[in-house]
2 protein chains.
Amino acid sequence: MKLYQSDRAPNPRRVRIFMAEKGLDLGNMEIINLDLVAGENLSADYRRKDPMCGVPTLELDDGTCISESVAISRYFEEIQPEPALMGRDAKSKAAIEMWNRRMELKLLLPVALAFRNISRAFADREKCSKEFGEISLERATKMFTFLDQHLANNDYIAGDDFSIADITALCAVDFARVVKLRIGEDQPHLKRWHDAVSARDSAKA
Amino acid sequence: MKLYQSDRAPNPRRVRIFMAEKGLDLGNMEIINLDLVAGENLSADYRRKDPMCGVPTLELDDGTCISESVAISRYFEEIQPEPALMGRDAKSKAAIEMWNRRMELKLLLPVALAFRNISRAFADREKCSKEFGEISLERATKMFTFLDQHLANNDYIAGDDFSIADITALCAVDFARVVKLRIGEDQPHLKRWHDAVSARDSAKA
């Protein structure tokens, strides 16, 4: 298997942490690092692997290419079910998927939109709107507040157990530093959770 | 079970079509229609069911609330596996998840962002950026072009079989009419696919 990825982007980190939690060794894969700022993900060769030009992409030995962090995570969950990170029965699978999506759509996405539209890091290949970047930053900031309240009553994002939703949230919260958004002194529950998930071996992946 | 939904919004339609494909009868559920323009989804009562105030939400008989269309679909896929709409093995599950996410993040999301930011339909509760609405509309338009090429070589969005990715794409393409984006005369493959999926009984759900 090959993994096309970037060390600095949040989405490849989600997959690296997911694999580490599964005990899957990155050392057993061929890792191909793409320089996103230089546009290595826009080459004709990579476009054949992922026409959306995102990272990461997992290339299986038969040449099948799987893009999208959660789709790659799903593949690993299927081939290595333990420890379960996406639920064990209909209700827990649905609840974890719900929370993971909230972390993606209401936290990681606004952080990414704030970064891309304010920093204009990819303005050579996409139109930017500083106005919408600022709106997105406000939304991400409000989500920190929501999460602090949510984590007052929950050990982890989706409830009692560590799951893929914590991985997405951790990567989003850490990546938010690029738009100067950090956990506030008045957010002790978010801080307690962040300290706990950051202390896991997988967080270094 | 109860389903909180809206007839006009694209996300509840995704769940209604998914259920119809599974042969699950909406008539066996209590349907609660929420008027989104009037803000019925913002009430304190509904906020306890879905703190993100989205639709649809599925409420199970034990009171558990599942929001997010794909999480609700996952629940139905688990309790009623046939016909499979989210894959049968690791590779097909991952491929369908990848394609469903592309349809969400690169098609339905830009269409929704174009609609919300250009029409200002929810300006009473969210900040809008016409500039980003126009950028989003351009992105959705490009995705129609991409899909036409993709469907020249694929019967369905994720390949040979109808899946949840087709449901998401159908709801996105149909909803795009709100921003005056329609399948072009020069997009025969997208039209062939759209005619085929629209002709299924489930499309009326």
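Looking at an unreviewed UniProt entry, one finds chain A named Glutathione S-transferase family protein and attributed to Salinisphaera aquimarina.

**Student:** I'd love a proper account of the UniProt feature "domain: GST N-terminal" (unreviewed entry) in chain A, names of residues and values included.
**Tutor:** Mapped onto the present numbering, the UniProt feature "domain: GST N-terminal" (unreviewed entry) falls on residues 1–84 of chain A. In residues 1–84 of chain A, the share of helix is 36% and the share of strand is 17%. The end C-alpha atoms are 22 Å apart.

**Student:** Please set out the nonpolar core residue by residue, giving values where relevant.
**Tutor:** Note on soluble globular proteins: their nonpolar side chains tend to be buried together. Core analysis: the largest hydrophobic core is formed by 124 residues, its most contacted members being A:Trp193 and B:Trp193. Discounting chain neighbours no more than four positions away, the residues touching A:Trp193 are A:Leu151, A:Asp155, A:Tyr156, A:Ile157, A:Asp166, A:Ala169, A:Leu170 and A:Val173. Ranked by size, the runner-up nonpolar core spans six residues in total, among them A:Phe132, A:Ile135, B:Leu113 and B:Phe132.

**Student:** Run through the interface of chain A and chain B, naming residues and quoting values.
**Tutor:** Listed by partner, the interface residues are 43 residues for chain A and 43 residues for chain B. Across the contact surface, chain A and chain B share 14 salt bridges. Between B:Glu126 and A:Arg139 there is a salt bridge, with the nearest N and O atoms lying 4.0 Å from each other. Where the side of chain A that touches chain B is concerned, the elements lending two or more residues are strand S4 (65–67), helix H3 (69–79), helix H4 (90–119) and helix H5 (130–150) of chain A. Per-element accounting of the side of chain A that touches chain B gives the leading share, 15 residues, to H4(A). Its residues assigned to classes, the side of chain A that touches chain B shows 21 nonpolar, four polar and 18 charged.

**Student:** Summarise the sheet that holds strand S3 (residues 57–59) of chain A; cite the residues concerned and give the values.
**Tutor:** Residue and element names in this part refer to chain A. Pairing in this open sheet of four strands is mixed, and the strands run S2-S1-S3-S4 from one edge to the other. Since the sheet does not close on itself, it has two edges, and those belong to strand S2 (30–33) and S4, each with one partner. Across this sheet, the average inter-strand angle for adjacent strands is 20 degrees, counted without regard to direction. Two strands pair when backbone bridges link them, and strand S1 (residues 2–5) and S3 are joined in this way by three bridges, in the antiparallel orientation. Across the sheet, Lys2 pairs through a bridge with Glu59, a residue of S3. Those strands touched by H3 are S3 and S4, and its axis lies near 120 degrees from that of S4.

**Student:** Please provide a residue-by-residue account of the relation of the copies chain A and chain B, values included.
**Tutor:** Note on the identical chains: chain A maps onto chain B by a rotation of 180 degrees and an axial translation of 0.0 Å, with an RMSD of 0.0 Å. Here the two chains are linked by the operation of a two-fold rotation axis. Distance from the rotation axis, computed per C-alpha, reaches its smallest value in chain A at A:Phe132: 3.1 Å. An overlap of 100% is found between the interface residues of chain A and their copies at the interface of chain B, pointing to a shared contact surface.

**Student:** Residues and numbers for the side chain of B:Arg74, please.
**Tutor:** Inspection of the secondary structure puts B:Arg74 in helix H3 (residues 69–79). Residue classification places B:Arg74 among the buried residues on the basis of a relative accessible area of 8%. Leave out the neighbours within four places in its chain, and B:Arg74 touches A:Arg74, A:Lys93, A:Glu97, B:Met86 and B:Glu97.

**Student:** Report on the pattern of salt bridges, specifying residues and quantitative values.
**Tutor:** Residues and elements named next belong to chain B. Applying the stated criterion across every chain yields a total of 42 salt bridges over all chains. One salt bridge in this structure joins Glu21 and Arg200, with 2.8 Å as the shortest N-O distance. Of the two residues, Glu21 sits in helix H1 (residues 10–22) while Arg200 sits in the segment after helix H7 (188–198), which places them 179 residues apart along the sequence. For Arg200, a relative accessible area of 25% puts it in the partly exposed group.

**Student:** Any details on the packing of aromatic side chains? Residues and values, ideally.
**Tutor:** Taken as a whole and judged by the stated rule, the model has 11 aromatic pairs over all chains. Ring geometry for A:Phe132 and B:Phe132: centres 4.1 Å apart, planes at 0 degrees, overall stacked. Of this pair, A:Phe132 sits in helix H5 while B:Phe132 sits in helix H5 (residues 130–150), on two different chains. For B:Phe132, a relative accessible area of 1% corresponds to the buried category.

Quick notes on the rules
Residues numbered from 1 in each chain as written. Chains lettered and ligands numbered in written order. Predicted model: local features only at pLDDT ≥ 70, side-chain atom pairs only at ≥ 80, totals over all residues. Heavy atoms only, no water. UniProt positions renumbered as here; feature names shortened; annotations may be inferred. Helix = DSSP H or I, 4+ residues; strand = E, 2+ residues; numbered from the N terminus. Core = buried A, V, L, I, M, F, W, Y, C linked by side-chain atoms within 4.5 Å. Buried < 20%, exposed > 50% of the residue type's maximum accessible area, 1.4 Å probe, protein only. Contact = heavy atoms within 4.5 Å. Salt bridge = Lys/Arg side-chain N within 4 Å of Asp/Glu carboxyl O. Nonpolar A, V, L, I, M, F, W, Y, C, P; charged D, E, K, R; others polar. Pairing = 2+ DSSP bridges. Axes fitted to C-alpha atoms, helices over the stretch in contact; angles between N-to-C directions. Least-squares fit on C-alpha atoms with pLDDT ≥ 70 in both. Phe/Tyr/Trp six-rings, centres within 6.5 Å; stacked < 30°, edge-to-face > 60°.

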